[in-house]
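Here is how the chains run, residue by residue.
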Amino acid sequence: MAQTVIIKSPGGPEAMILVDREVSDPGPGEVRINHKACGLNFIDVYQRSGLYPLDLPHALGMEAAGVIDAVGAGVTHLKPGDRAAYAATPAGAYATARVMPAAQVCPLPEDISFDKGAAMMLKGMTVKYLFHRTTPIAEGDTVLFHAAAGGVGLIACQWARSEGITLIGTAGTDEKCALALDHGAAHCINYRTEDWAARVQELTGGRGVDVVMDAVGADTFEGSLDSLKPLGMMISFGNASGPVPPFNLAVLGQKGSLKITRPTLFAHIGDHAACQEMARHLFDKVQSGAVDIRIDQRFPLSEVRAAHETLEARKTTGCTILEP
C-alpha cells in the first residue's frame, strides 16, 4: 500500500485527500518506484482546480525522486536499486510509491540528492527547453523572465548567466528581486512598485528584448508583447495569474511581426531519447556548479493543502518539496 494524494472533484486545496492505495507489480515498460521526495509545481494547481482537466478520481503530482523497486519487461535503462528522478505523465507523484511508465524516468547521479532530484526535474527541463529547444538564443541576447525568484526562475537566472545571456527578471518584492539578482539576473524589476514594461524599454535603450519567457499569463501578457523588439519571440508557458484571453493575431504584426508559442514540457520529453538527453544536460549544469537547486520550502506529504495554499499565495521562493 502507498499513501497517495488524490482529488475526486476539482476545487481548492481542500479537494485533495490522502488515501491508501495498493501498488501493483510493474507491467511491460513500467517501473515501481519508492519515493524519497516529491516536487510541487503550478501545473499541480491547474490540475487540482480543473483548469487542466483530469479523469477523476485521479492522483496529483508530476515529479519526484526515489529508488527503483521493480522493473517490467522491456525496461533496460533502469534496474532495481537504481536512484531515479522524473517529471512525467500521468500525474501521481504525490505518493510514497507508484507504478508508472519508465520512458521518462531518469537515472539520478549519486552526487545529486533525492531532494534536489525531486525539485529540479520539471523546472530544470523546462528551462532547458526554453533556452535550447524553442527559439535560437545566443550569447549576448536579452531575455525577459517573469517570476524570476520562483523555482523555474532561479534556475533560469543561473542558466542564462552560465551561457552569457542577459536576463531581466520581474518579481513581486524587493527581497525576491535581490534573490534573482544573486542567482544571475542582470536586472530585476519589482512589478508592484515600477511600471515594469516601461523599465524594460529603458534597460534596453528602447530596443526591447529578444525573447520573453512568461509563465504568469493573463496579468503580464500585454506588457510582455510590448517588451519585445521587432521579430521577437514570446514564449507563454504558464498561467499563474489565469489563462491568456483570446486576442487578435493582427496585433502581432502591428507590434513588429512578433512570434508567439505556447509550449509544454511534456511535448518535449515525450520521446524517451530526448527526455534522457535533456535530463543529462540538466544534471551536467548542476554537477558543474553552474546551477544550484534552491529548496526554500518543505512540507510533509500530509500537509499538501498548506503547500498549495503557500504556492498560490505567491509566498514561495525557489523550489518546494513534499516529504513522503
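Thresholds, definitions, all that
- Residues numbered from 1 in each chain as written.
- Predicted model: local features only at pLDDT ≥ 70, side-chain atom pairs only at ≥ 80, totals over all residues.
- Heavy atoms only, no water.
- Helix = DSSP H or I, 4+ residues; strand = E, 2+ residues; numbered from the N terminus.
- Rg over C-alpha atoms; globule rule 2.2 N^0.38 Å.
- Buried < 20%, exposed > 50% of the residue type's maximum accessible area, 1.4 Å probe, protein only.
- Contact = heavy atoms within 4.5 Å.
- Areas by Shrake-Rupley, 256 points an atom, 1.4 Å probe, with all protein chains shown as cover.
- Lys, Arg positive; Asp, Glu negative; His and termini not counted.
- Charge placed at Lys NZ, Arg CZ, Asp CG, Glu CD.
- Pairing = 2+ DSSP bridges.
- Axes fitted to C-alpha atoms, helices over the stretch in contact; angles between N-to-C directions.
- Core = buried A, V, L, I, M, F, W, Y, C linked by side-chain atoms within 4.5 Å.
- Arc of directions from axis to C-beta.
- Phe/Tyr/Trp six-rings, centres within 6.5 Å; stacked < 30°, edge-to-face > 60°.
- Right-handed = clockwise from strand over helix to strand, strands pointing away.
- Parallel < 35°, antiparallel > 145°, perpendicular 65-115°, else oblique.
- Left-handed = near helix turned anticlockwise from the far one by under 90°.
- Nonpolar A, V, L, I, M, F, W, Y, C, P; charged D, E, K, R; others polar.

A short note on the overall build of the protein chain
- Per the secondary structure count, the protein chain includes ten helices and 16 strands.
- In terms of overall size, the protein chain behaves like a compact globule, its C-alpha atoms giving a radius of gyration of 20 Å where 324 residues would be expected to give roughly 20 Å.
- Overall, the C-alpha framework of the protein chain stretches about 60 × 40 × 35 Å when taken along its three principal axes.
- Burial statistics for the protein chain: of 324 residues in total, 54% are counted as buried.
- Across the protein chain, every contact between residues at least 6 apart in sequence was considered, and the portion connecting residues at least 24 apart equals 69%.
- Working note: accessible area of the protein chain is about 13000 Å², and carbon and sulfur atoms make up 50% of it.
- Measuring between centres, the 28 positive side-chain charges of the protein chain sit 1 Å from its 36 negative side-chain charges.

Description of the environment of glycine 140
- With respect to the helices and strands, the residue glycine 140 is situated in the loop between α2 (114-132) and β9 (142-145).
- Overall, the relative accessible area of 53% leaves glycine 140 in the exposed class.
- In the structure, glycine 140 is positioned 23 residues away from glutamate 163 in sequence and 8.8 Å away in space, judged by C-alpha atoms.

Things to note about the sheet that holds strand β13 (residues 228-236)
- Pairing is parallel in the open sheet, where six strands are placed in the order β11-β10-β9-β12-β13-β14. The strands lining the two open edges of the sheet, one partner per strand, are β11 (187-190) and β14 (259-261). When strand polarity is set aside, the average angle formed by the axes of neighbouring strands in this sheet is 15°.
- Relative to β11, strand β10 (residues 166-171) runs parallel, the two sharing four bridges. Within β11, the residue paired with isoleucine 168 across the bridge is histidine 187.
- Together, β10 and β11 form the strand contacts of helix α4 (residues 174-182), whose direction differs from that of β11 by roughly 170°.

Let's talk about the nonpolar core
- Of all hydrophobic cores here, the largest spans 56 residues; its most connected members are Met121, Met125, Phe131 and Met213.
- Counting residues per element, this core draws most heavily on α2, at ten residues.
- Not counting residues within four places of it along the chain, the set of residues in contact with methionine 125 comprises Ala87, Met120, Leu265, Ile269, Cys275, Met278, Ala279 and Leu282.
- Core analysis: the second largest hydrophobic core is formed by 28 residues, Val31, Ile68, Phe299 and Leu322 among them.

As for helix α5 (residues 196-203)
- Considered for burial, the residues of α5 that qualify are Trp196, Ala197 and Val200. Looking down the long axis of α5, one finds its buried residues gathered within 105° of arc, a one-sided arrangement.
- On the buried face of α5, the contacting elements are β9, β10, β11, β12 (209-214) and α6 (221-226).
- In the stretch just after α5, glycine 205 is the one whose phi turns positive, near 60°.

Describing the packing of aromatic side chains
- Taken as a whole and judged by the stated rule, the model has four aromatic pairs.
- Note on tyrosine 46 and tyrosine 52: the rings are 5.0 Å apart at their centroids and 65° apart in plane angle, and the pair reads as edge-to-face.
- Assessed through its relative accessible area of 26%, tyrosine 52 is described here as partly exposed.
- Taking 5.1 Å as the distance between ring centres and 55° as the angle between the ring planes, the aromatic pair formed by phenylalanine 221 and phenylalanine 247 counts as tilted. Taken together, the positions of phenylalanine 221 in helix α6 and phenylalanine 247 in the loop between β13 and α7 (250-254) put the pair 26 residues apart, joining distant regions of the chain.

Looking at the pairing of strand β15 (residues 295-300)
- Of the strand pairs in this sheet, β15 and strand β16 (residues 319-323) are connected by five bridges, and their pairing is parallel. Bridge assignment links arginine 298 to a residue of β16, and that residue is isoleucine 321.
- Assessed by its sense of winding, the connection that carries the chain from β15 through helix α10 (residues 304-312) to β16 is right-handed.

As for the packing of α2 against helix α3 (residues 151-162)
- At their nearest, the axes of α2 and α3 sit 9 Å apart, and the two run at 45° to each other. As judged from the angle between their axes, α2 and α3 are oblique. Where α2 crosses over α3, the two elements pack in a sense that is right-handed. Together, Lys123, Gly124, Thr126, Val127, Lys128, Phe131 and His132 of α2 and Gly151, Val152, Ile155, Ala156, Trp159 and Ala160 of α3 make up the contact between the two elements.
- A breakdown of the residues in the contact of α2 with α3 according to their chemical character gives seven nonpolar, four polar and two charged.

Read these as layout, nothing more, since geometry by itself doesn't imply function.
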